[in-house]
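Summary of the model geometry
Single-letter residue listing:
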Amino acid sequence: MKRVLTIAGSDCSGGAGIQADLKTMTAYGMYGMSAITALTVQNTQGVFDICEPDVKYLKGQLDVIFSDIMPDAVKVGMLSSPEVVKTVSQALKQYKPARVVVDPVMVSTSGYALMKESAAGEAMEELYSLATVLTPNLSETNVLLGMAGLEARVENRADMERAALGLSDYFKTAVLVKGGHLSDGADDCLGEQGEVSWFTGERIETKNTHGTGCTLSSAIACGLAAGWSLKKSVECAKWYLQKALKADPKLGHGNGPVNHCFGIPECFGRE
């Protein structure tokens, strides 16, 4: 059975973070594990508070997982402080998992800052170059471009290509610039070793997009764990996310979650 580890924050309402990651891994038929970097107080209406445990507990989680059940792929999500970024980076360098998907989570769907500026600087220096692929959305891409000293502002497909190639060259890894926030589509652009690949996505009109970034990056990690190429992993992950968006469970009073379990048949003999 393929094994996938998520290193991310906990969303008590179940729509994002490790909860979304583990649901995605289960939907892919894989064994999901988690190392929790933060406890968030959030629901579909926003993030109200964050508690970051002492990093010794994060290091402990990573050590016992890597030393006992080595993951076939790792997904990294919310890392709020430089100490947390350093702890995760050191573990990845020590245990050297073969496939790492890093979602550079900076701001929640509701606009709450999930990463301190100092943590972003630490990630630029120590973490992002360890990834197999980075998966920034457009706003995160703009931040990364600015911090890398590259021409900023991504507003169209040409900008996405430039950003994907520029950041890929800067970090020496693949970069998937997600276009879900573009006004005219939902296509994603992959920059890898000087080449660009596009992945077409259907724009689905719904406010319930809580946890979409977590879900996509986890699905990509599952594809890589299965031994698929990066391009196939991204293509299948986009298919999975679009199906989950279309199966909208309509939960909560704000930006609700997607339906991670759309493809899982009901159990216990129910029709």
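The structure displayed is predicted, hence computed values, not measured ones.

Conventions adopted
Residues numbered from 1 in each chain as written. Predicted model: local features only at pLDDT ≥ 70, side-chain atom pairs only at ≥ 80, totals over all residues. Heavy atoms only, no water. Helix = DSSP H or I, 4+ residues; strand = E, 2+ residues; numbered from the N terminus. Rg over C-alpha atoms; globule rule 2.2 N^0.38 Å. Buried < 20%, exposed > 50% of the residue type's maximum accessible area, 1.4 Å probe, protein only. Contact = heavy atoms within 4.5 Å. Areas by Shrake-Rupley, 256 points an atom, 1.4 Å probe, with all protein chains shown as cover. Lys, Arg positive; Asp, Glu negative; His and termini not counted. Charge placed at Lys NZ, Arg CZ, Asp CG, Glu CD. Pairing = 2+ DSSP bridges. Axes fitted to C-alpha atoms, helices over the stretch in contact; angles between N-to-C directions.

Describing the overall build of the protein
When its secondary structure is counted, the protein shows eight helices and nine strands. Taken over C-alpha atoms, the radius of gyration comes to 17 Å for the protein, in line with the 18 Å a tight globule of 271 residues would show. Counting only C-alpha atoms and orienting by the principal axes, one finds that the protein spans roughly 55 × 45 × 40 Å. For the protein, the proportion of its 271 residues judged to be buried stands at 52%. Look at the contacts in the protein between residues 6 or more apart in sequence, and 69% of them connect residues 24 or more apart. Summed over all atoms, the accessible surface of the protein reaches about 12300 Å², with 51% contributed by carbon and sulfur. Computed over 25 positive and 31 negative side-chain charges, the inter-centroid distance for the protein is 4 Å.

Here we look at the environment of Leu216
Turning to its location among the elements, Leu216 is positioned in helix H7 (residues 212-225). Residue Leu216 is classed as buried on the basis of its relative accessible area of 4%. For the pair Leu216 and Cys236, spaced 20 residues apart in sequence, the C-alpha separation works out to 9.5 Å. Leave out the neighbours within four places in its chain, and Leu216 touches Leu176, Lys178, Asp188, Ala237, Lys238 and Leu241.

Quick look at the environment of Leu79
Mapped onto the elements, Leu79 comes out in the loop between strand S4 (73-76) and helix H3 (82-95). Residue Leu79 is classed as buried on the basis of its relative accessible area, which comes to 2%. Sequence-wise, Leu79 and Thr206 are 127 residues apart; in three dimensions their C-alpha atoms are separated by 28 Å. Setting aside chain neighbours within four positions, we find Leu79 in contact with Thr37, Val84, Val85, Val88, Leu114, Met115, Ala119 and Leu127.

Section: the sheet that holds strand S2 (residues 31-43)
Taking strand neighbours across the sheet as the criterion, the nine strands line up as S3-S2-S1-S4-S5-S6-S7-S8-S9 in an open arrangement whose pairing is mixed. Of all strands in the sheet, those with a lone pairing partner are strand S3 (46-51) and strand S9 (195-199), marking the two edges. In this sheet, strand S7 (residues 174-177) lies alongside strand S6 (residues 133-134) in parallel orientation, the contact comprising two bridges. When the sheet's bridge partners are listed, Val133 is paired in S7 with Ala174. Its contacts with the sheet put helix H1 (residues 17-27) on strand S1 (3-11), S2 and S4, and the angle it makes with S1 is roughly 150 degrees.

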